[in-house]
Amino acid sequence: VQLQASGGGLVQAGGSLRLSCAASISVSTFNAMGWYRQAPGKQRELVATESTRSGNTNYANSVKGRFTISRDNAKNTVYLQMNSLKPEDTAVYYCSATAGSIYYTVYWGQGTLVTVSS
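As a starting point, this report considers the structure included with it. Treat the numbers as computed from the prediction; the structure is a model and nothing was measured.

## Re the overall build of the chain
Along the backbone of the chain there are 0 helices and 11 strands. Secondary structure elements in the chain, listed N-terminal to C-terminal, are β-β-β-β-β-β-β-β-β-β-β. Counting only C-alpha atoms and orienting by the principal axes, one finds that the chain spans roughly 45 × 30 × 25 Å. Sorting the 118 residues of the chain into buried and exposed places 42% on the buried side. Expressed as a percentage of contacts within the chain between residues at least 6 apart in sequence, the contacts between residues at least 24 apart total 52%.

## With respect to the pattern of salt bridges
Within the structure shown, the criterion is met by 4 salt bridges. Between D89 and R37 there is a salt bridge, with its nearest N and O atoms 2.9 Å apart. Of the two residues, D89 sits in the loop between β8 (77-82) and β9 (91-100) while R37 sits in strand β4 (residues 32-38), which places them 52 residues apart along the sequence. Of the two residues examined, D89 and R37, each falls in the buried class. The residue D89 makes a salt bridge to R66 at a minimum N-O spacing of 2.8 Å. In this pair, D89 sits in the loop between β8 and β9 while R66 sits in the loop between β6 (57-59) and β7 (67-72), placing the two residues 23 residues apart along the sequence. One network of salt bridges, in which partners are shared, links R37, E45, R66 and D89.

Conventions we followed
Residues numbered from 1 in each chain as written. Predicted model: local features only at pLDDT ≥ 70, side-chain atom pairs only at ≥ 80, totals over all residues. Heavy atoms only, no water. Helix = DSSP H or I, 4+ residues; strand = E, 2+ residues; numbered from the N terminus. Buried < 20%, exposed > 50% of the residue type's maximum accessible area, 1.4 Å probe, protein only. Contact = heavy atoms within 4.5 Å. Salt bridge = Lys/Arg side-chain N within 4 Å of Asp/Glu carboxyl O.

Written out as structure tokens, the structure is:
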């Protein structure tokens, strides 16, 4: 399984970016897909996740109302629309996918850097 993240870049505060995560297999294979981020000197943290079964979403409090996770099953791709970006959103963003029933496997993409300038 491969996850290819893209869409990062440099943007001014208040701007928008859309990250994409293309999976090498059908996203319906996974139980959930999501985005995490890691800022310099900090631990990796959850940004947003979506259940591929129920469609339920979960967001970090810091991004609620600004970020939206979505999925295109036909393209095997998950997106993260990021609006009203803040300098504190600067981080490497990783997409993830979870598969399995009794035992779970988590797959990670390679990360894409988002830099928000003030």
